[in-house]
Amino acid sequence: MTTLDRFFLVISPFLEEHQHITTVEAVNITGMNRSVVNLYLNQLVTKETLKKTNTRPVRFSLMVKENPFNKVIGVTESLKQQVIQSRASVTYPPNGLPLLIYGNSGVGKSFFAKIIYEYAIYEKVIFQEAPFVVLNCSDYANNKELLSSVLFGYEKGAFSGASEAKIGLVEEANGGYLFLDEVHNLSPENQEKLFLLLDESKFRPVGANAKWRHSDVRLIMATTENPDSTLLTTFKRRIPMFIKLPDFSERLYNEREEIVMNAFINE
């Protein structure tokens, strides 16, 4: 948790009770220097956590945010069930559920994964500044040892060239989400290494024989392949949510029209 996160947690009860806060009030609550408090309040405005008035004194209030799933075309129609599943995966106590999104190239798997992350922030089950770390497993399809070190990190001297220890993406994404794209490229060995992470939130860096580390990371995986033929059965058992995104041709006519117009406007 960053200093800014801690500052926000301290002032949040006052904000929820009074709907707004001034710099002086925040100084009194936190006991911090006025210039530091003013800096933090404005950083929260920049990050769209707070909004401020043009009055004197300036009043800061919570930014009312729209549900991120409202940005998904088909949220109440062809993707309704997928959205329900995704929401459940985010809010399931205590740390959500891992899920796998599958479908052909171009159906929006990466976009959907990012929306799930934004929804977790919206529901306040992770912090505003929680990380969203992405790894395309196909980049390391032919080097399972390198992929293992990228995922879990490594200790000094773990292999030739490891002059110092380095954390992996599992640790970097602690408190947020790790999105493993093209997860079918994970070797059976690396799928097995994820077992303990999925089961007990612990892992070992490469070269660490007796040292376990902990990470409260949430996992989203995606694949263009059939999960039944590319993933270990024991690995699939640890993923309670499988979400299939339909092809463009399978969408309702009005959704296809909206997707095309949206792409045209963005261009």
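Residues numbered from 1 in each chain as written. Predicted model: local features only at pLDDT ≥ 70, side-chain atom pairs only at ≥ 80, totals over all residues. Heavy atoms only, no water.

A. Structural context of the sheet that holds strand β3 (residues 99-102). The 5 strands are arranged β4-β5-β8-β3-β9 in an open sheet whose pairing can be described as parallel. Lying at the two open borders of the sheet, with one neighbouring strand each, are β4 (132-136) and β9 (241-244). Going from strand to strand, the sheet's axes swing by 20 degrees on average, the running direction of each strand aside. As paired strands, β3 and strand β8 (residues 218-223) are joined by 4 bridges and run parallel to one another. Counterpart to Leu100 in the pairing with β8 is Met221. Strands β3, β4, β5 (177-181), β8 and β9 of the sheet are contacted by helix α5 (residues 109-122), whose axis makes an angle of about 170 degrees with β5. (Pairing = 2+ DSSP bridges. Helix = DSSP H or I, 4+ residues; strand = E, 2+ residues; numbered from the N terminus. Axes fitted to C-alpha atoms, helices over the stretch in contact; angles between N-to-C directions. Contact = heavy atoms within 4.5 Å.)

B. Structural context of the packing of aromatic side chains. One pass over the full model with this rule turns up 9 aromatic pairs. For the ring pair Tyr117 and Tyr177, a centre distance of 6.4 Å and an interplane angle of 85 degrees mean the geometry is edge-to-face. Taken together, the positions of Tyr117 in helix α5 and Tyr177 in strand β5 put the pair 60 residues apart, joining distant regions of the chain. With a relative accessible area of 10%, Tyr117 lands in the buried category. Three or more aromatic residues link up through ring pairs in this structure, and these residues are Phe69, Phe112, Tyr119 and Tyr122. Geometry around Phe195 places Arg238 over its ring, the cationic atom sitting 4.1 Å from the centre. (Phe/Tyr/Trp six-rings, centres within 6.5 Å; stacked < 30°, edge-to-face > 60°. Buried < 20%, exposed > 50% of the residue type's maximum accessible area, 1.4 Å probe, protein only. Lys NZ or Arg CZ within 6 Å of the ring centre and 35° of its normal.)

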